[in-house]
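Chain residues, written in single-letter form:
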Amino acid sequence: MTVVTRFAPSPTGTLHVGNVRTALHNWLWARKAGGRFLLRIDDTDAERSKEAYVDAIRADLAWLGLDIDGEERQSERFALYEAEFEKLKAAGRVYACYETPEELDIRRKVLLSRGLPPVYERKPFDAPVPEGVAPHWRFRLDHGAPIEWTDMVRGSQHFEPKTMSDPVVRRADGSWLYLLPSVIDDIAMGITHVVRGEDHVSNTAAQIQMFEALGARPPQFAHEALLIGTEGKLSKRLGSLGMAALRDAGIEPIALVALLARLGTSDPVEPVTAPAPLIESIDFARFGRAPARFDEAELALLNQKILHHTDYAAVADRLPVAITEARWNAIRPNLMTVAEATEWVVVFDGPFDGPVAEESDRPVLAAAAAAMPGIDWTADPWHALTAEVKEATGAKGRALFLPLRRALTGRDHGPDMAELLPLIDKGQAAERLSR
Ligand code: GLU
């Protein structure tokens, strides 16, 4: 069996972290099995779907490295839905309904006021058909056996169809609701695993009967717990946190991928620089049932950790030319974002207005300036320089290193000076010390 998964966004907005997580898990699962990962654009809602969002979804997936093996658009598949719908109609599994939303609402309220579940009540077969009213259509659930499946995340699932309303699958204007086209597509595209949020669990119960009614075996399902923000379930920020904002904040796609792959699972979040270990380790049995908490601060920290061992080749095209491989390797332990590398160009090559030295630091700096002409810049200049200054002034430890670091880099903290100093222009270094 070739594993086939799909990510099925509605192009009514840009992707946010929550749906990127779903896309990622589908992608990881397909890649692990050597299968296929499809993008299905759920654009049956012509009014709310926008071409710009379709483009943005493709661009975001590409940025994240989630390559797709095919793309389908629901708006191009209406003929298939129509044909399958006719089959279900002929088999009596979809039926016409004429209630107005107001009638349905009143019915619901009556049932609730009697303490009954607000389940849709089918009309008798011979109920009069109102004239001149276009019907909408419901799928007739089979009230026989319970609906059961073993969910890859949630384990054994059980629904009594009697307690469920027959779902509306088509509106009076002929437009489609999500449920049925999704099943028709999952069958036609040979989807073997449906990975989506747990908000779809009750849809799945109805959809399992749709698969069966269309003569297909349902795929496997994995319903993952929802993602919540640090401030709790209804995080507006999280719901709108898009890839553009993360990209602008200097977040590397692999950092987001590394976090979202493991968040809410029993595997630790690890600062990987490529997705291979994440592909290898994905296992829905290790996903928790509790909501996964997404923390932007955790993402920023992970991003930083990943940069610390990110190869030059992976970022070279985004670095100023002055940042060579050796310079990248020296500064990367001190970067929060790749963009910050630019700030180091002046440290290496100037022009550079160092801080005004404190009075107490002057003897150290004067001794260093005096020693500079004799320092061989090609052979460990930092140790040679500090040895000379120590000899001349007796300064040691922090009192020796900090004034030098400050004068040479303009900062109190930073990369290992032994690694950094030979990468700084020698003339610039001499000037900074003698200033
Ligand atoms: N378009 C649906 C959604 O975004 C797809 C759900 C599914 O994966 O079946 O909720």
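Residues take numbers from 1 onward in each chain, read along the sequence in its written order. Totals for whole chains, interfaces and linings use all residues, but because this is a predicted model, local features are given only for residues with pLDDT of at least 70 and pairs of side-chain atoms are given and counted only at 80 or more. In computing side-chain values, all of the structure's heavy atoms are included and hydrogens and water are not.

> For this particular structure, what's the right way to read the overall build of the chain?
The helix and strand inventory of the chain stands at 19 helices and 12 strands. For 435 residues, the compact-globule formula gives about 22 Å, and the C-alpha radius of gyration of the chain, at 31 Å, lies well above that figure. Partly exposed residues are those whose accessible area sits between 20% and 50% of the maximum for their type, while under 20% is buried and over 50% is exposed, using a 1.4 Å probe and protein chains only. Among the 435 residues that make up the chain, the fraction classed as buried is 46%. Contacts: residue pairs with any heavy atoms within 4.5 Å of one another. For the chain, the share of sequence-separated contacts (at least 6 apart) that also reach a separation of at least 24 residues comes to 73%. Put simply, DSSP marks the helices as runs of H or I at least four residues long and the strands as runs of E at least two long, and each gets a number from the N terminus on. As a reference, a globule follows 2.2 Å times the number of residues to the power 0.38, and the radius of gyration itself is taken over C-alpha atoms.

> I'm lost on the packing of helix α15 (residues 362-371) against helix α17 (residues 398-409) in this one. Help?
Working note: a packed helix pair is described by the angle between its axes plus the distance between those axes. Close contact between α15 and α17 brings their axes to 9 Å; oriented N to C, the two are set at 70 degrees. Accordingly, the angle class assigned to the pair α15 and α17 is roughly perpendicular. Note on packing geometry: the crossing formed by α15 with α17 is right-handed. Residue-level contacts link Val364, Leu365 and Ala368 of α15 to Ala399, Leu400, Pro403, Leu404 and Ala407 of α17. Of the residues belonging to the contact of α15 with α17, the class tally is eight nonpolar, no polar and no charged. Convention adopted: a line fitted to C-alpha atoms gives each axis, helices being fitted over their contacting stretch, and angles between N-to-C directions are expressed from 0 to 180 degrees. By definition in this entry, angles of less than 35 degrees are roughly parallel, angles greater than 145 are roughly antiparallel, angles of 65 to 115 are roughly perpendicular, and the rest are oblique. Take the far helix as your reference; a near helix turned counterclockwise from it by less than a right angle gives a left-handed crossing, and one turned clockwise gives a right-handed crossing. Here the nonpolar group is Ala, Val, Leu, Ile, Met, Phe, Trp, Tyr, Cys and Pro; Asp, Glu, Lys and Arg are the charged ones; every other residue, Gly included, is treated as polar.

> Would you explain the pattern of salt bridges in this entry?
Where charged atoms from two side chains of opposite charge come close, those side chains can pair. Take a side-chain nitrogen of Lys or Arg and a carboxyl oxygen of Asp or Glu: if they are within 4 Å of each other, that pair is a salt bridge. Tallying each qualifying case throughout the model produces 29 salt bridges. A salt bridge links Arg77 to Asp185; the nearest nitrogen and oxygen atoms lie 2.7 Å apart. With Arg77 in the loop between β3 (71-73) and α3 (78-90) and Asp185 in helix α5 (residues 179-188), the pair connects residues that are 108 residues apart, well separated along the chain. In this structure, a network of salt bridges that share partners links the residues Arg6, Arg40, Asp42 and Asp186.

> Looking at this structure, how should I read the site of the ligand?
Definition of nearness: a residue and a molecule or strand are near each other if at least one heavy atom of the residue lies within 4 Å of the molecule or strand. All residues in the neighbourhood of the ligand are listed as Arg6, Ala8, Ser10, Asp42, Tyr178, Ser182, Arg196 and His200. Contacts described as polar in this section are N or O atom pairs within 3.5 Å, which, within protein, must combine one atom able to donate a hydrogen with one able to accept it, while residues neighboring in sequence count only if both atoms come from side chains. Arg6 has a polar side-chain atom sitting 2.7 Å from an oxygen atom of the ligand. A distance of 2.7 Å separates an oxygen atom of the ligand from a polar side-chain atom of Arg196. Computed with a 1.4 Å probe, the accessible areas rest on the Shrake-Rupley method; for each residue, only the protein chains presented here act as cover. Burial of the ligand by the surrounding chains reaches 77%, relative to a free accessible area of 300 Å².

> I keep staring at the nonpolar core and nothing clicks. Help me out?
What tends to happen in soluble globular proteins is that the nonpolar side chains get buried as a cluster. Within this scheme, the nonpolar core is defined by two criteria: the residues are buried Ala, Val, Leu, Ile, Met, Phe, Trp, Tyr or Cys, and they are joined through side-chain atoms within 4.5 Å. The biggest cluster of nonpolar side chains holds 50 residues, and the ones touching the most others in it are Val17, Leu256, Leu260, Phe284 and Phe294. For this core, the elements supplying multiple residues, two or more each, are α1 (17-32), β2 (36-41), α2 (51-64), α8 (243-248), α9 (253-262), α10 (276-281), β12 (292-294) and α11 (296-308). Sequence-distant contacts of Phe294, that is, excluding residues within four places in its chain, are made with Val17, Leu227, Ile228, Gly229, Thr230, Leu238, Leu241, Leu256, Leu259, Leu260, Leu263 and Leu299. With 38 residues, the next largest nonpolar core counts Ile323, Val347, Phe348 and Met417 among its residues.

> Got a minute to help me understand the sheet that holds strand β1 (residues 4-7) in this structure?
Hydrogen bonds between backbone groups are what pair the strands of a sheet, and the pairing can be parallel or antiparallel. Strand pairing is assigned whenever DSSP identifies at least 2 bridges connecting the two strands. Taken in spatial order, the three strands make up an open sheet running β1-β2-β3, and their pairing is parallel. Unpaired on one side and paired on the other, β1 and β3 mark the two borders of the sheet. The sheet shows a mean angle of 30 degrees between the axes of neighbouring strands, direction not considered. Pairing geometry for β1 and β2, over four bridges, is parallel. Across the sheet, the residue bridging to Phe7 is Leu39, located in β2.

> Can you walk me through unusual backbone geometry in this structure?
One can expect most non-glycine residues to show negative phi and most peptide bonds to be in trans. Pro351 follows Gly350 through a cis peptide bond whose omega is -5 degrees. The residue Pro351 is located in the loop between α14 (345-349) and α15 in this model. Phi angles above zero are rare outside glycine, and Asp380 is one such case at about 50 degrees.

> Would you explain the side chain of Thr5 in this entry?
Tracing the sequence through the fold places Thr5 in strand β1. Take Thr5: its relative accessible area is 0%, and that puts it in the buried class. A polar contact is formed between the side chain of Thr5 and the backbone oxygen of Asn26, at a distance of 2.9 Å. Sequence-distant contacts of Thr5, that is, excluding residues within four places in its chain, are made with Asn26, Trp27, Trp29, Ala30, Arg36, Phe37, Leu38, Ile191 and His193.

> Could you clarify how one ought to interpret α17 in this entry?
Residues lying three or four places apart along an α-helix face the same way, a consequence of the helix completing one turn every 3.6 residues. For α17, with 12 residues, the first-to-last C-alpha span of 15 Å sits near the 16 Å given by 1.5 Å per residue. At its buried positions, α17 is contacted by α14, α15, α16 (381-393), α18 (417-420) and α19 (426-434). Once α17 finishes, Gly410 follows within two positions and takes phi at roughly 80 degrees, a positive value. Here a helix's expected span is defined as the number of its residues, less one, multiplied by 1.5 Å.

> Please explain the sheet that holds strand β8 (residues 168-170) as it appears in this structure.
Strand order in this open sheet of three strands is β4-β5-β8, and the pairing throughout is antiparallel. Edge positions in the sheet fall to β4 (94-97) and β8, since each of these pairs with one other strand and no more. This sheet shows a mean twist of 45 degrees between the axes of neighbouring strands, independent of strand direction. Sheet topology note: the β4/strand β5 (residues 136-139) ladder contains four bridges and is antiparallel. The residue bridging Val94 from the neighbouring strand is Phe139, located in β5.

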